[in-house]
Amino acid sequence: MHEKEGFYLDKRAVKAWIMYDWANSAYATTVLAAVLPVFYASVAAATLDEGTAASYLAYTHSIGMLCVALLTPLLGALSDLSGRKGDFLRVFAITGMIATLGFSTVGEGDWLLASALLVISTIGFAGGNTFYDAMLPDLVSAERRDMISSKGYAYGYIGGGLLLAVNMLMIQQPGWFGMGSTLAGTRLAFISVALWWLLFSIPLFRHAPRRPAAPDMPESWKGYAEVGIRRLRQTFRQMLRFPQLIRMLVAFWFFNDGINTIILMATIYGTSIGIGTADLMLALLLTQFIGFPCTLLLGSWAQRWGAKQILMLSLSIYVCIVILGYFMTEALHFYLLAGLVGVVQGISQSTARSLFSNLMPSGRTGEYFGFVNITGKFSSIFGPFVFGWVGQITGSSRWGILSLLFFFLAGMAVLMTVKVKQGMNDALEADQEDSRILGSIVPSPGVNTKA
């Protein structure tokens, strides 16, 4: 541990933070993206018709994200007050692991059990990520956040991609793993995700950073809730003091909606134009492994030239992806576009995370990232809706994919107005004011003169 510009850096904690993305990305790739949708339709909801099963799965995702949206701002405030983000992350992550393990017990027709487990695992996964994101300012000074954030996403690509490759073999070649059927291989895949998530989370469980608790931190859970709610109200009012943060948030609502819609609808869109399941799954793996080196490389560029500039570059490439997607006709085209998504998906998310952390008061990152998450979840309903509505009224999903141009162009237009250096100075002033009022020690974020 050493001191730089008043900031104490624990290298073990930084490495553990990066490794957590390696750990929990297995849930995102294997459970959310690849295995669970097929398992839900063919096993858990086998007694329902296809349309009903798809609707129930969509409703379940919505319920899970609504629970996260309602919980995380309050819990984020409490994690800031107590200084124990790592403890909150541990509780949520272990909850997600146990629910993921539970998928292995779901039988034919057990759609209600599968839905309940999905809601719980979603709360564990997404809720834990709120505290994970909020730790970044506690770990490194501002000029290093772009690179460290990028490393987290990069390692997540490799971790999630490696286990997904093994899980695909478990399902397609169950005999290699001593399993007698594809269903048995699928159950083993769920178990492997829970164990992988747990194993590689242990370093962060042990070395998560802690901040001093606020002097007015109450002892009881009732007192926790009262102080947390009161502080949340103060946070919502306080955000008006940070116009650059608000601009960044509005930009995020637009471009993040576009990115999430591409992630959610890519497989459906590919299927609608005749691309086979095997090609779709291999393209998903391609995205993971291209994402690793590209996120690291572009992360180093962000540290050198500024996160905002690299984020603008990545969003420009997304504009190209949408336009090229409109003209896509065969599997080769889908592979090429998957490769392009791999180039920019990680860096767009990591630079957005580091930009947010630089524009927030470092003593309130749990609250502010909670607010980002809740508004991001609610705003994300519009992209899929527009995609489906445009595709329905035009009779072609190609026009649906093209409609996503609006979200990227609008996000870029607002992002161009964000003055990063000014926003960082506003956050620094708020930290100093909080330090005087609360009498607590708040690390001061460094100023990135290249932003």
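Residues numbered from 1 in each chain as written. Predicted model: local features only at pLDDT ≥ 70, side-chain atom pairs only at ≥ 80, totals over all residues. Heavy atoms only, no water.

Engineer: Honestly, the pattern of salt bridges in this entry has me stumped. Any pointers?
Structural biologist: Side chains carrying opposite charge are able to pair once their charged atoms draw close together. Per the counting criterion, the structure on display carries four salt bridges. In this structure, D87 engages R90 in a salt bridge whose closest nitrogen and oxygen atoms are separated by 2.9 Å. You can see D87 and its partner R90 sitting in helix 3 (residues 85-102), three residues apart, about one turn around the helix. The class for D87 is buried, based on a relative accessible area of 15%. Relative accessible area serves as the criterion here: at 26%, R90 is assigned to the partly exposed category. Between D133 and R353 there is a salt bridge, with its nearest N and O atoms 2.9 Å apart. Here D133 is found in helix 4 (residues 111-134), whereas its partner R353 is found in helix 13 (residues 331-359), with 220 residues between them in sequence. (Salt bridge = Lys/Arg side-chain N within 4 Å of Asp/Glu carboxyl O. Helix = DSSP H or I, 4+ residues; strand = E, 2+ residues; numbered from the N terminus. Buried < 20%, exposed > 50% of the residue type's maximum accessible area, 1.4 Å probe, protein only.)

Engineer: Please clarify how the packing of aromatic side chains should be interpreted in this entry.
Structural biologist: When we look at a pair of aromatic rings, we describe it by the centre distance and by the angle of the planes. Tallied over the entire structure, the rule returns 23 aromatic pairs. On the numbers, 5.5 Å between centres and 55 degrees between planes, the contact of F92 with F131 is tilted. Here F92, found in helix 3, pairs with F131, found in helix 4; they are 39 residues apart in sequence, far enough to count as distant. Judged by relative accessible area, F131 falls into the buried class, the value being 0%. Taken together, a centroid distance of 4.9 Å and an interplanar angle of 90 degrees make the contact between Y326 and F327 edge-to-face. Given a relative accessible area of 56%, F327 falls into the exposed group. Three or more aromatic residues link up through ring pairs in this structure, and these residues are W22, Y155, W196, F200 and F292. The positively charged end of R304 is found above the aromatic ring belonging to W305, 5.7 Å away from the centroid. (Phe/Tyr/Trp six-rings, centres within 6.5 Å; stacked < 30°, edge-to-face > 60°. Lys NZ or Arg CZ within 6 Å of the ring centre and 35° of its normal.)

Engineer: How should the nonpolar core be read in this particular structure?
Structural biologist: Buried together is how nonpolar side chains tend to be arranged in soluble globular proteins. Of all hydrophobic cores here, the largest spans 61 residues; its most connected members are W17, L89, W197 and L204. No other element matches the 18 residues that helix 1 (residues 11-44) contributes to this core. If we ignore the near neighbours within four places in the chain, the residues touching L89 are Y20, G128, F131, Y132, M135, L204 and F205. Counting 53 residues, the second-largest nonpolar core is a separate cluster that includes L245, A307, M328 and M412. (Core = buried A, V, L, I, M, F, W, Y, C linked by side-chain atoms within 4.5 Å. Contact = heavy atoms within 4.5 Å.)

Engineer: What's the story with helix 3 in this structure? I'm lost.
Structural biologist: Since there are 3.6 residues in each turn of an α-helix, residues three or four apart along the chain are aligned in direction. The end-to-end C-alpha distance of helix 3 is 26 Å, a good match for the 26 Å that 18 residues give at a rise of 1.5 Å each. By the burial criterion, the buried members of helix 3 are K85, G86, D87, F88, L89, F92, A93, G96, M97, A99, T100 and G102. (Expected span 1.5 Å × (residues − 1).)

Engineer: Sorry if this is basic, but what is going on with the packing of helix 1 against helix 4 here?
Structural biologist: In a pair of packed helices, the angle between the axes and the distance between the axes together describe the arrangement. Put simply, helix 1 and helix 4 touch, their axes get as near as 12 Å, and they point 160 degrees apart. On the basis of their axis angle, the class for helix 1 and helix 4 is roughly antiparallel. The chirality of how helix 1 crosses helix 4 is left-handed. In this structure, helix 1 uses W17, I18, Y20, D21, N24, Y27, A28, L32, L36, Y40 and A44 to contact helix 4, whose residues at the interface are W111, A114, S115, L118, S121, T122, F125, N129 and Y132. (Axes fitted to C-alpha atoms, helices over the stretch in contact; angles between N-to-C directions. Parallel < 35°, antiparallel > 145°, perpendicular 65-115°, else oblique. Left-handed = near helix turned anticlockwise from the far one by under 90°.)

Engineer: Is there a simple way to explain the environment of S397 in this structure?
Structural biologist: Along the polypeptide, S397 turns up in helix 16 (residues 397-402). For S397, a relative accessible area of 23% gives the class partly exposed. Placed 124 residues apart in sequence, S397 and I273 show a C-alpha to C-alpha distance of 8.7 Å.

Engineer: Can you help me understand helix 13 in this one?
Structural biologist: Over its 29 residues, helix 13 extends 42 Å from the first C-alpha to the last, a length consistent with the 42 Å expected when each residue adds 1.5 Å. Its axis deflected by about 25 degrees at V344, helix 13 carries its strongest bend there. In terms of residue burial, helix 13 counts as a mostly covered element, since 21 of its 29 residues are buried. (Bend = angle between axes of the 7 residues up to and from the residue.)

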